[in-house]
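Each chain, written out:
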Amino acid sequence: MKRRNFLIAIGAGFVAGCQKIGDTAPGKTLLEAAPNWHKAVHDALGGRTALAPEFGPEDVSPYFRGNGSTNPTNGDYQAQAEAEFANWEIAVGGMVDNPMRLTMANLRALPQRTQITRHDCVEGWSAIGEWTGPQLSTILDEAKVQDGARFIVFRCADNLNGDDYYESVDMLDAYHPQTIVAHKLNGEDLPIKNGAPARMRIERQLGYKHAKYVTGIEAVASLDGIGEGKGGYWEDRAGYQWYAGV
Amino acid sequence: MTKPAKKHALATRLWHWTNLICIVVLFMSGLNISNGHRRLYWGDWGFAPEHAWLEVPRFPGWMTIPDYYSLSQARDWHILTAWPFALALLLMWIAMLVNRHFQRDITTTRREWKPAAVWADIKAHLRFDFEHAGGKYNFLQKVAYGLVFGVFLPMMVFTGMAISPGVEPWLGWLTEVLGGRQSARSLHFIFAWAVFGFFVIHVALVIVHKPLHHLRGMITGGRLEESDKPAADIKGETT
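The rules behind these values
- Residues numbered from 1 in each chain as written.
- Chains lettered and ligands numbered in written order.
- Predicted model: local features only at pLDDT ≥ 70, side-chain atom pairs only at ≥ 80, totals over all residues.
- Pairing = 2+ DSSP bridges.
- Helix = DSSP H or I, 4+ residues; strand = E, 2+ residues; numbered from the N terminus.
- Axes fitted to C-alpha atoms, helices over the stretch in contact; angles between N-to-C directions.
- Contact = placed C-beta atoms within 7 Å.
- Nonpolar A, V, L, I, M, F, W, Y, C, P; charged D, E, K, R; others polar.
- Expected span 1.5 Å × (residues − 1).
- Buried ≥ 20, exposed ≤ 12 C-beta atoms within 10 Å, placed from the backbone.
- Domains from an automatic or database assignment.
- Left-handed = near helix turned anticlockwise from the far one by under 90°.
- Core = buried A, V, L, I, M, F, W, Y, C linked by C-beta atoms within 7 Å.
- pLDDT = per-residue confidence, 0-100.

A. Here's a closer look at the sheet that holds strand 2 (residues 100-103) of chain A. All names here are of chain A. The strand order across the open sheet built from five strands is 2-1-11-5-6, with neighbouring strands paired in mixed fashion. Edge positions in the sheet fall to strand 2 and strand 6 (163-170), since each of these pairs with one other strand and no more. The sheet shows a mean angle of 20° between the axes of neighbouring strands, taken without regard to direction.

Rendered as structure tokens:
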């Protein structure tokens, strides 16, 4: 029993020390900088074109787990769902020369990409599904993104625990060939629990980057002033890493 | 005047203590991350209880960094510490190949693998008899260090990389070789406990056999004894 108490004391002391270091300015800086070191390596070796693995139809998991918001009740979402999203619009704006409002019909009329990919949640689980939708790059080209834009922000219809969900990616991921605005999962219209009527697929990052219930696509020069400025709902709310490729 | 030879090279000592801090932080933050989803799967995917091969217990706060459940903060520590851990391991491998520590002290000979020799070494360990001539380490020590350097620690790095979605696009074969992302995640967990197992045995053996001597040796370098030299070297000197 004594030895166990001793071990607990050492453990607790070590953890307390770590937490102290984490609270100092240099400690915080290091902890915040580390994901960027990974990103620099990933970008250098993977670049703009390296694709996340794509699977065969036989690899698709029997169903696709829904996480986070699985049935938004805020705003007019339920009425929109009732109308089968006939009135749904995605506003494309911010630093673009040609702002647009896309209906679901507009979205389906664009050239489509279908990909069977694995979805990795930050918690640790994975599911495989077949996603269909236009590439984000097609939409951004049509909207004519201005030179100074560095990030694409995704606005979402769901309000989770009092805050509107949103996410953001840099231009590398925004123009990546597998970054699509998916409106189909496994050949069917996207289910509500998975983000109906349209969600992002950011295949080289963890699940919380894949914004669901998308209502807006916005080109911005900086993430300051959007939400709490950290680039996403979970980033603002709980300190999750903006770069979720690790 | 030549300085007396040290038992442990500076590279070994620097790596040893850097690595200790890294694996403690990685292990304890890893247990916090494990609490985020307490099931393990084989293959590419898995998310529900019916897919799992193991339900992992919830690790209490005193075992985790931070000492309460925070997936984001645990990931911060894990993502940062992965760097010094992996780079130090790489540098240690280069150092011990260059200074021949690996070839001289850790590689085993065919003779040592003979069942009778292995059995004799096991019996000596059971008697707590750790005196041995003809090398720094006895057979079981060499195998343990060889496993840790050659398998356990590199596998922590490789399985960690294989479960990162930002790595897979340019290193996809690694995830495939490991049997898919969820298999790699399971292996990450298994090897983490293998490292922990080594840690417990390693510390226990130091405690039962001249703890201060070993501790001092790993800090100051200690002194190279005649019995630390490989058998071949001794022969070379006497003939």
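What follows continues from the structure just given.
B. Fine view of the pairing of strand 3 (residues 112-120) of chain A. All names here are of chain A. The pairing of strand 3 with strand 4 (residues 126-134) spans nine bridges and is classified as antiparallel. Residue His 119 lies in a different strand from strand 4, and its bridge partner there is Ala 127. Between strand 3 and strand 4, which follow one another and run antiparallel, lie five residues, and Gly 124 among them has a positive phi close to 135°.

C. Seen up close, the environment of Val 203 of chain B. One can find Val 203 of chain B in helix 7 (residues 181-208). Spatially, the C-alpha atom of Val 203 of chain B lies 24 Å from that of Arg 104 of chain B, the residues being 99 residues apart in sequence.

D. Summary view of the interface of chain B and chain A. Each side of the interface is counted separately: chain B has 34 residues, and chain A has 41 residues. At the level of elements, helix 1 (10-34), helix 2 (71-98) and helix 7 of chain B are the ones that each hand at least two residues to the side of chain B that touches chain A. Counting residues per element, the side of chain B that touches chain A draws most heavily on helix 2 of chain B, which supplies nine residues. Partitioning the side of chain B that touches chain A into residue classes produces 18 nonpolar, nine polar and seven charged.

E. How the structure looks around helix 7 of chain B. The end-to-end C-alpha distance of helix 7 of chain B is 41 Å, a good match for the 40 Å that 28 residues give at a rise of 1.5 Å each. Buried within helix 7 of chain B we find Arg 181, Gln 182, Ser 183, Ala 184, Arg 185, Ser 186, Leu 187, His 188, Phe 191 and Ala 192 of chain B. The inward-facing, buried residues of helix 7 of chain B contact strand 3 and strand 4 of chain A together with helix 1, strand 1 (39-40), helix 5 (139-162) and helix 6 (172-177) of chain B. Phi turns positive one or two residues past the end of helix 7 of chain B, at Lys 210 of chain B, with a value near 50°.

F. Fine view of the domain arrangement of chain A. Splitting chain A by domain gives domain 1 (1-46) and domain 2 (52-238). Distance from the C-alpha centre of domain 1 of chain A to the C-alpha centre of domain 2 of chain A: 32 Å.

G. Inspection of the packing of helix 2 (residues 25-46) of chain A against helix 2 of chain B at higher detail. The geometry of helix 2 of chain A relative to helix 2 of chain B is characterised by a closest axis approach of 8 Å and an angle of 65° between their N-to-C directions. Between helix 2 of chain A and helix 2 of chain B lies a crossing whose hand is left-handed. Facing helix 2 of chain A, whose interface residues are Leu 30, Leu 31, Ala 34, Pro 35, Trp 37 and His 38 of chain A, helix 2 of chain B presents Asp 76, Ile 79, Leu 80 and Trp 83 of chain B. When its residues are assigned to classes, the contact of helix 2 of chain A with helix 2 of chain B shows eight nonpolar, one polar and one charged.

H. Representation of the nonpolar core within the structure. All names here are of chain A. Counting 50 residues, the largest nonpolar core has Phe 154, Cys 156, Val 181 and Val 214 as its most contacted members. Mapped by element, the contributors of at least two residues to this core are strand 1 (89-94), strand 4, helix 5 (136-143), strand 5 (151-160), strand 6, strand 7 (180-182), strand 11 (214-220) and helix 7 (233-238). No other element matches strand 5, which puts six residues into this core. Not counting residues up to four positions away in its chain, the partners in contact with Cys 156 are Asp 164, Tyr 165, Tyr 166, Ala 211, Lys 212, Tyr 213, Val 214 and Thr 215.

I. Looking closely at the sheet that holds strand 8 (residues 184-185) of chain A. Residue and element names in this part refer to chain A. Here we have four strands laid out as an open sheet, ordered 3-4-8-9, and antiparallel in their pairing. Strand pairing shows two members of the sheet lacking a second neighbour, strand 3 and strand 9 (188-189), which therefore form its edges. As paired strands, strand 4 and strand 8 are joined by two bridges and run antiparallel to one another. Bridge pairing in strand 8 places Thr 132 opposite Lys 184.

J. Spatial organisation of the confidence of the model for chain B. Residue and element names in this part refer to chain B. Model confidence for chain B is summarised by a mean pLDDT of 92, while 95% of its residues fall at 70 or above. In this model residues 234-239 is a low-confidence stretch, pLDDT under 50, and it forms two contacts with partners more than four residues away in sequence or in other chains. The ipTM for the predicted assembly is 0.92, set against a pTM of 0.92.

K. Representation of the pairing of strand 1 of chain A. All names here are of chain A. Direction of pairing for strand 1 relative to strand 2: antiparallel, over a ladder of four bridges. Across the sheet, the residue bridging to Ile 90 is Leu 102, located in strand 2. Bridge count between strand 1 and strand 11: four bridges; the pairing is parallel. Residue pairing in the sheet places Ala 91 in a bridge with Gly 216 of strand 11.

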